Amino acid sequence: QVQLVESGGGLVQAGGSLRLSCAASGSTFSAQAMGWFRQAPGKGREFVAAITSSGGRTNYADSVEGRFTISRDNSKNTVYLQMNSLKPEDSAVYYCAAGRSIPTLARGSWGQGTQVTVSS
């Protein structure tokens, strides 16, 4: 099972940008689909973005489409989430996930999360 460590969260003003990173341990990273989820206080965990093992296909939630970009570097065992034009409603704990495929991400491995706070 892959272990995941997120970083890059913080406090940013509305309209600003952040880049989250998720470093994975183990030799199976390049075979794993990867994704980002988020959870705001009092709300359930929601899907943000995902990428296939090769990086050839990406999926995004409607709420972030056009503002967020997911990418991966298999040589560094790392997946990224570039977040632009941030809004206060993007504030949440962001979690990285790894799985056999995009549809099964929620049943895979999870990181501990990184806090993103967007001030208005």
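In the block above lies the structure referred to throughout.
Thresholds applied
Residues numbered from 1 in each chain as written. Predicted model: local features only at pLDDT ≥ 70, side-chain atom pairs only at ≥ 80, totals over all residues. Heavy atoms only, no water. Salt bridge = Lys/Arg side-chain N within 4 Å of Asp/Glu carboxyl O. Buried < 20%, exposed > 50% of the residue type's maximum accessible area, 1.4 Å probe, protein only. Helix = DSSP H or I, 4+ residues; strand = E, 2+ residues; numbered from the N terminus. Contact = heavy atoms within 4.5 Å. Pairing = 2+ DSSP bridges. Core = buried A, V, L, I, M, F, W, Y, C linked by side-chain atoms within 4.5 Å.

Quick look at the pattern of salt bridges now. Per the counting criterion, the structure on display carries three salt bridges. The shortest N-O distance in the salt bridge between Arg-38 and Glu-46 comes to 2.6 Å. Classification of Arg-38 as buried rests on a relative accessible area of 6%. With a closest N to O distance of 2.8 Å, Arg-67 and Asp-90 form a salt bridge. Of this pair, Arg-67 sits in the loop between strand E6 (58–60) and strand E7 (68–73) while Asp-90 sits in the loop between strand E8 (78–83) and strand E9 (92–99); the two residues are 23 residues apart in sequence, bridging distant segments of the chain. There is no split in this pair, since Arg-67 and Asp-90 are both buried. Each of Arg-38, Glu-46, Arg-67 and Asp-90 takes part in salt bridges that share partners, so that together they form one network.

The subject of this paragraph is the side chain of Thr-78. Among the structural elements, Thr-78 can be located in strand E8. The contacts of Thr-78, once residues within four sequence positions are left out, are Ser-21, Cys-22, Ala-23, Phe-29, Arg-72 and Asp-73.

Okay, the pairing of E9 next. In terms of burial, E9 is a largely internal element, seven of the eight residues being buried. Inspection of the sheet shows E9 paired to strand E11 (residues 114–119) by three bridges, in the antiparallel sense. Residue pairing for E11: Ala-92 is matched across the bridge by Val-116. Sheet topology note: the E9/strand E10 (residues 109–110) ladder contains two bridges and is antiparallel. Counted as the bridge partner of Ala-97 is Trp-110 from E10.

Of all hydrophobic cores here, the largest spans 28 residues; its most connected members are Met-34, Trp-36, Val-79, Leu-81, Met-83 and Tyr-94. Of all elements in the fold, only strand E3 (18–24), strand E4 (33–39), strand E5 (46–51), E7, E8, E9 and E11 reach the threshold of two or more residues within this core. Listed in part, the six residues of the second largest apolar core include Ala-33, Phe-37, Ile-102 and Leu-105.

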